[in-house]
Amino acid sequence: MLNADLHCHSTASDGLLSPSEVARRAAANGVELLALTDHDDIAGLAAAREAAAAMGMAFVAGVEVSIEWEGMQIHVVGLDFDPQDAALNAGLAGIRAGRVERARRMAAALEKFGIGGAFDGAMRHAENPNLVSRAHFARYLVEAKVCKDVRSVFESYLVPGKPGYVDHRWASVADCVGWINGAGGIAVVAHPARYKISNGALRRFLGEFKDFGGQAIEVVSGSHSLDDVGVFGRLAREFGFLASRGSDFHGPQESYVDLGRLGPLPDGLTPVWESF
Ligand code: AMP
Ligand code: MN
Ligand code: MN
Ligand code: MN
């Protein structure tokens, strides 16, 4: 099977390596087809594409869009779209503007809890000042010795119900899938096993996603167990979704798995890359 890795991050969002370093590392790991999928920003695509070409590795455009559904934050990956598309770029710019405003509210919430300097601290870690994520706050809180590692920062401070978590309005499913499809791309539900959601709600979400034009789900993901791969392989068949595969690599120290180091898609699924 083709070694495709269609989900990873660079310093254009909350990854630790530059877009060209991500592409070179992917090629060195044996990846044959790469998509860089930074959160809500496609600024890294040109450099990643150039580095991929220099390594003889196939590359498609990608992005991981932050959406909300019934009050929950969900991620949708867009693949193989036109990066010049105006509506997609405007939609992503709107999400990025909301991120800076959310970061100020997160810092204010942490300040009330006795943790100061978090806005400036997180921004220092955000190489792209338009794309500040909870991961940048987590790195600051580790640096400030509030927690020993990024994982424990999330557990104690940055998930719903914890002091640094604030509600936020993200894009809708309809808008997100509309932007991706309008730019000629394919919309993919990212890491579906990660959402804290009932089976019934998940099925309702997948149905709505499909009705709005979504075509694929990640079956093999760095954050999926072998059981998850089985569960989402069956759901992909049931809903008629194409199947995607991606590591969700953020950096050598902060990831479930390295670029391209993933198991195969289960038999009987249609790989999303057959549609590129
Ligand atoms: P945001 O999009 O700003 O809400 O931040 C989400 C990002 O935080 C994800 O893409 C991951 O990079 C990171 N993240 C979320 N949950 C965790 C976790 N439990 N441990 C480590 N990183 C996490
Ligand atoms: Mn991330
Ligand atoms: Mn995600
Ligand atoms: Mn991701």
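Looking at this structure, I do not really get the overall build of the chain. What am I missing?
Within the chain, the regular secondary structure consists of nine helices and seven strands. On C-alpha atoms alone, the chain measures out to a radius of gyration of 18 Å, which is about the 19 Å that the 2.2 N^0.38 rule sets for 276 residues. The principal-axis extents of the C-alpha atoms in the chain amount to approximately 55 × 45 × 40 Å. Accessible surface computed for the chain: about 11,500 Å², of which carbon and sulfur atoms make up 50%. Distance between charge centroids for the chain: 5 Å, based on 26 positive and 34 negative side chains.

So what exactly am I meant to see when it comes to the side chain of Thr11 here?
Its location among the elements puts Thr11 in the loop between β1 (4–5) and α1 (19–28). On the basis of relative accessible area, Thr11 is assigned to the buried category, the value being 12%. Each residue touching Thr11, except ones within four places of it in the same chain, is listed here: Leu16, Leu17, Ser18, Pro19, Glu127 and Asn128.

Would you take a moment to explain the coordination of the manganese ion (ligand 2) for this structure?
Each pair of donors in an ideal four-coordinate tetrahedral metal site encloses 109.5 degrees, whereas pairs in an ideal six-coordinate octahedral site enclose 90 or 180 degrees. Protein coordination at the manganese ion (ligand 2) comes from Asp14 (OD), Asp14 (OD), His39 (NE2) and His250 (NE2), with a distance range of 2.2 to 2.7 Å. Around the manganese ion (ligand 2) sit six donor atoms, and with donor-metal-donor angles ranging over 52 to 156° the site reads as irregular. Read in sequence order, the donor residues for the manganese ion (ligand 2) give the motif D-x24-H-x210-H.

I'm lost on the domain arrangement of the chain in this one. Help?
Size of an interface, as often reported, equals the accessible area lost when the parts are brought together. For the chain, the assigned domains are domain 1 (4–96 + 169–275) and domain 2 (99–158). Taking the mean C-alpha position of each, domain 1 and domain 2 sit 24 Å from one another. The interface of domain 1 with domain 2 comprises 15 residues on the first partner and 13 residues on the second. With both sides pooled, the region where domain 1 packs onto domain 2 buries about 1,100 Å², and carbon together with sulfur makes up 43% of that total. In this assembly, domain 1 and domain 2 are joined by two salt bridges. Between Asp40 and Arg99 there is a salt bridge, with its nearest N and O atoms 2.8 Å apart. At the boundary of domain 1 with domain 2, the tally comes to 12 residue pairs in polar contact (both at pLDDT 80 or more).

Can you walk me through the packing of aromatic side chains in this structure?
Each aromatic ring pair is specified by the distance between its two centres and by the angle formed by the two planes. Throughout the structure, instances matching the rule amount to five aromatic pairs. Grouping aromatic residues by their ring pairs yields a cluster made of Trp69, Phe205, Phe209, Phe239 and Phe241. Here the basic side chain of Arg104 rests over the ring of Phe119, its NZ or CZ set 4.1 Å away from the ring centre. Its end group placed over the ring of Phe241, Lys210 keeps NZ or CZ at 5.8 Å from the ring centre.

Would you mind showing me how to read the coordination of the manganese ion (ligand 3) here?
Coordination sphere of the manganese ion (ligand 3), protein contribution only: Glu64 (OE), His75 (ND1) and His191 (NE2), at 2.1 to 2.2 Å. The sequence pattern describing where the donors of the manganese ion (ligand 3) fall on their chain is E-x10-H-x115-H. Between the manganese ion (ligand 3) and the manganese ion (ligand 2) the interatomic distance amounts to 5.7 Å. Of this pair, His75 sits in strand β4 (residues 72–79) while His191 sits in the loop between β5 (186–189) and α8 (199–211), and the two are 116 residues apart along the sequence. Exposure remark for His75: the relative accessible area of 11% places this residue in the buried category.

What is the right way to read the nonpolar core from this model?
What tends to happen in soluble globular proteins is that the nonpolar side chains get buried as a cluster. Leu6, Ile67, Phe205, Leu206 and Phe209 are the most contacted members of the largest nonpolar core, which totals 73 residues. The element that contributes the greatest number of residues to this core is strand β3 (residues 58–69), accounting for seven residues. Excluding its chain neighbours within four sequence positions, the residues that come into contact with Phe205 are Ile67, Trp69, Ile74, Val173 and Val189. Counting residues in hydrophobic clusters, the runner-up holds 21 residues, among them Ala126, Ala138, Tyr140 and Val150.

Basis of the calculations
Residues numbered from 1 in each chain as written. Chains lettered and ligands numbered in written order. Predicted model: local features only at pLDDT ≥ 70, side-chain atom pairs only at ≥ 80, totals over all residues. Heavy atoms only, no water. Helix = DSSP H or I, 4+ residues; strand = E, 2+ residues; numbered from the N terminus. Rg over C-alpha atoms; globule rule 2.2 N^0.38 Å. Areas by Shrake-Rupley, 256 points an atom, 1.4 Å probe, with all protein chains shown as cover. Lys, Arg positive; Asp, Glu negative; His and termini not counted. Charge placed at Lys NZ, Arg CZ, Asp CG, Glu CD. Buried < 20%, exposed > 50% of the residue type's maximum accessible area, 1.4 Å probe, protein only. Contact = heavy atoms within 4.5 Å. Donors = N, O, S within 2.8 Å, 3.2 Å for Na, K, Ca; no water. Tetrahedral: all angles 85-135°; square planar, octahedral: opposite > 155°, others 65-115°. Domains from an automatic or database assignment. Buried area = accessible area lost by both parts, 1.4 Å probe. Salt bridge = Lys/Arg side-chain N within 4 Å of Asp/Glu carboxyl O. Polar contact = N/O pair within 3.5 Å; in protein donor to acceptor, adjacent residues only side chain to side chain. Phe/Tyr/Trp six-rings, centres within 6.5 Å; stacked < 30°, edge-to-face > 60°. Lys NZ or Arg CZ within 6 Å of the ring centre and 35° of its normal. Core = buried A, V, L, I, M, F, W, Y, C linked by side-chain atoms within 4.5 Å.

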